[in-house]
Amino acid sequence: MPTSLLLLLACSLPPQGPPSTPPPSPIPRVVDVGLELSVDFERHRISGSAAVTLVNTADTSISEISLLLNRLLSVTTVRVGGDAPLAVQQAVVAFGDFAKLRVAQAVITLATPLQPAESLTLHVVYGGAIAPYTETGMLYIQDHVDPEFTILRRDAYAFPLPGIPMIAALRAAPQYDFTYRATITAPSTHTVASGGQLVSRSPAGAMTRWVFTSVGSAPYLVVTIARYRMEDRNGVRLYYFPLDSLGAARVAARTQQALTTLERWFGRLPTPPQFALMEIPDGWGSQASLTGGIIQTEATFRDPDRLTELYHELTHLWNPVDLDTPSARWNEGLATFLMYRLADTLDGRELGAEVHRLLARLQDHISANPTTYSTVPFREYGITRKTDLSYRVGGLMFATLYQLLGSARFDRAYRTLFQTYVASGVTLANLRRTFTDQDAEGHLSQFFSDWLDTTQWVGAVREADSIRNLAGHWSGAAPQ
Ligand SMILES: [Zn+2]
């Protein structure tokens, strides 16, 4: 049969539904990762193991676990405890809904299915090179094993984690939030950095073995390796490239000043902060988490205007654990506002101008997406997976609150909230009540109802031409 006829036949067939393969096993939740890796710069490879502890959070049992790795990595064996190695089927596959993204998929058949709420630790021996993912359009994933700079992170699948090669499925899977221990052996010419706590550093022949553990749960595990210099000041480890020592001195100083300022505003932390800040080359993607470590591109070290990202993360130290699940992430809004307040205090960047820009940007966003903003109230951003809005909407909400209360009352309210709930954890309802208690004039119940329960705030923001004018909407003052 000529090909053209085949094509013709294919075209005249009715459209196919989704393939009738059985639905994939649920993706278990990662609760702990133990990495033990050795870095070989000459062969541009890593080798070692990952102990991945998983919990079945679904209501059906799991008999197969699919792990994803970088397409140049491969699995040698997988065991559970001291048991015999498990059957592993691996292949390089393309993501079903993102064909440019190719990963190694290792499907493990468990000896006994993992029942709901049960957990197990897979001990995965693996190794190989790491391929960057720039060709997918994710330009920041330039990851590869190189003496100049090496980064090991989930973005380039440098260690095995459960998942299936579908972006949609990964988005719907349980969020990563796990404890970790990373033992990394690298040539002694280099410094290994990671978030959490540096437990030890010991010679191993011509190599050095570095051990890090997370302090609490972390949203990611990142290891960077370079000819870093390191400075430890009051539990804050700063890893920087020797060429940027001037910028590093400023970053170190600003970090301490920001911590002191936040303590003045909101009171002492229960324990002194302990975290790492790692410099990475420009274009490799900054990321920040106090537990996972803060990675910042060279630009932050050279350009003081970029320090706001660092300030943002530092303010999160003054957030009690968020008990709302899923949370509307008001913390992100508060961090967005407070990072500008810190930049005003420490770098002389005028808060008023930044808040005005926040207002203008939100007005633009609302004009571009009127339906989203006017149908989903802030308190439902978690349930509706719209927490990317929490930053700008929450940022402006707290800026307005600050305008209404003034700094003394604002700080007293948040200090009370933090110190009251730091041990127990906090809810959006606690936040609301604590601020409302500080409000003698009684405007705040309407304010929170408009910002959190309904989308009444949208109209006020659209009409406002200044933050004073916006705040006037709730203070009863005449519009300015
Ligand atoms: Zn944040």
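Heads up: the structure comes first, above all this text.
Residues numbered from 1 in each chain as written. Predicted model: local features only at pLDDT ≥ 70, side-chain atom pairs only at ≥ 80, totals over all residues.

**Student:** What am I meant to see in the nonpolar core here?
**Tutor:** Across soluble globular proteins, nonpolar side chains show a tendency to be buried alongside one another. Counting residues in hydrophobic clusters, the biggest one holds 129 residues, and the most contacted among them are Val-33 and Leu-69. The dominant element in this core, judged by the number of residues it contributes, is helix H9 (residues 388-421), at 15 residues. Taken together, domain 1 (29-261) and domain 2 (330-475) each give at least three residues to this core, which thus spans both. (Core = buried A, V, L, I, M, F, W, Y, C linked by C-beta atoms within 7 Å. Buried ≥ 20, exposed ≤ 12 C-beta atoms within 10 Å, placed from the backbone. Helix = DSSP H or I, 4+ residues; strand = E, 2+ residues; numbered from the N terminus. Domains from an automatic or database assignment.)

**Student:** Which parts of the structure should I look at to understand helix H6 (residues 330-347)?
**Tutor:** Count 3.6 residues to each turn of an α-helix, and residues three or four apart come out pointing the same way. An ideal rise of 1.5 Å per residue puts 26 Å on 18 residues; H6 measures up with 25 Å between its terminal C-alpha atoms. Most of H6 sits out of view: 14 of its 18 residues are buried. Positioned one or two residues after H6, Gly-348 has a phi angle of 70 degrees, which is positive. (Expected span 1.5 Å × (residues − 1).)

**Student:** How do you make sense of the packing of helix H7 (residues 351-368) against H9 when you look at a structure like this?
**Tutor:** The packing of two helices is summarised by the inter-axis angle and the distance between the axes. Here H7 crosses H9 at 135 degrees, and the two axes come no closer than 10 Å. Taken together, H7 and H9 sit at an angle that is classed as oblique. Read as a crossing pair, H7 and H9 show a hand that is left-handed. Side by side, H7 and H9 meet where Val-355, Leu-358, Leu-359, Arg-361, Leu-362 and His-365 of the first sit next to Arg-392, Val-393, Gly-395, Leu-396 and Ala-399 of the second. (Axes fitted to C-alpha atoms, helices over the stretch in contact; angles between N-to-C directions. Parallel < 35°, antiparallel > 145°, perpendicular 65-115°, else oblique. Left-handed = near helix turned anticlockwise from the far one by under 90°. Contact = placed C-beta atoms within 7 Å.)

**Student:** Help me out: how do you make sense of unusual backbone geometry in this one?
**Tutor:** Excluding glycine, a negative phi dihedral is what most residues carry, and trans is how most peptide bonds are arranged. At the junction of Thr-325 and Pro-326, the peptide bond is cis and its omega measures out at -10 degrees in the coordinates. Along the polypeptide, Pro-326 turns up in the loop between helix H5 (308-315) and H6. Phi angles above zero are rare outside glycine, and Ala-117 is one such case at about 75 degrees. The topology assignment puts Ala-117 in the loop between strand S6 (98-114) and strand S7 (119-128). Positive phi, close to 50 degrees, is recorded for Asn-234, a residue that is not glycine. In this fold, Asn-234 is placed in the loop between strand S15 (229-233) and strand S16 (236-240).

**Student:** I'm lost on the environment of Gly-196 in this one. Help?
**Tutor:** Summarising the element assignment, Gly-196 is placed in the loop between strand S11 (191-194) and strand S12 (197-204). What makes Gly-196 buried here is the crowd of 24 C-beta atoms within 10 Å. Sequence spacing of Gly-196 and Thr-291 is 95 residues, and the spatial spacing of their C-alpha atoms is 5.6 Å. Not counting the four nearest positions on each side in its chain, Gly-196 is found in contact with Phe-212, Thr-213, Ser-214, Val-215, Ala-218 and Thr-291.

**Student:** Looking at this structure, I do not really get the pairing of S6. What am I missing?
**Tutor:** Side chains on a regular strand alternate between the two faces of the sheet. Bridge analysis of strand S3 (residues 62-70) against S6 gives eight bridges, and the strand direction is antiparallel. Residue pairing in the sheet places Glu-64 in a bridge with Thr-109 of S6. Pairing between strand S5 (residues 87-95) and S6: nine bridges, direction antiparallel. When the bridges of S6 are listed, Val-93 appears paired with Val-103. The hairpin turn running from S5 into S6, its antiparallel successor, is two residues long. (Pairing = 2+ DSSP bridges.)

**Student:** Help me out: how do you make sense of the pairing of S12 in this one?
**Tutor:** Counting buried positions along S12 yields zero of eight residues, so the element is predominantly exposed. Bridge count for S12 against strand S13 (residues 207-213) is seven bridges, and the pairing is antiparallel. For Leu-198, the partnering residue across the bridge sits in S13 and is Phe-212. The turn linking S12 back onto S13 is made up of two residues, and Gly-205 within it adopts a positive phi angle of 70 degrees.

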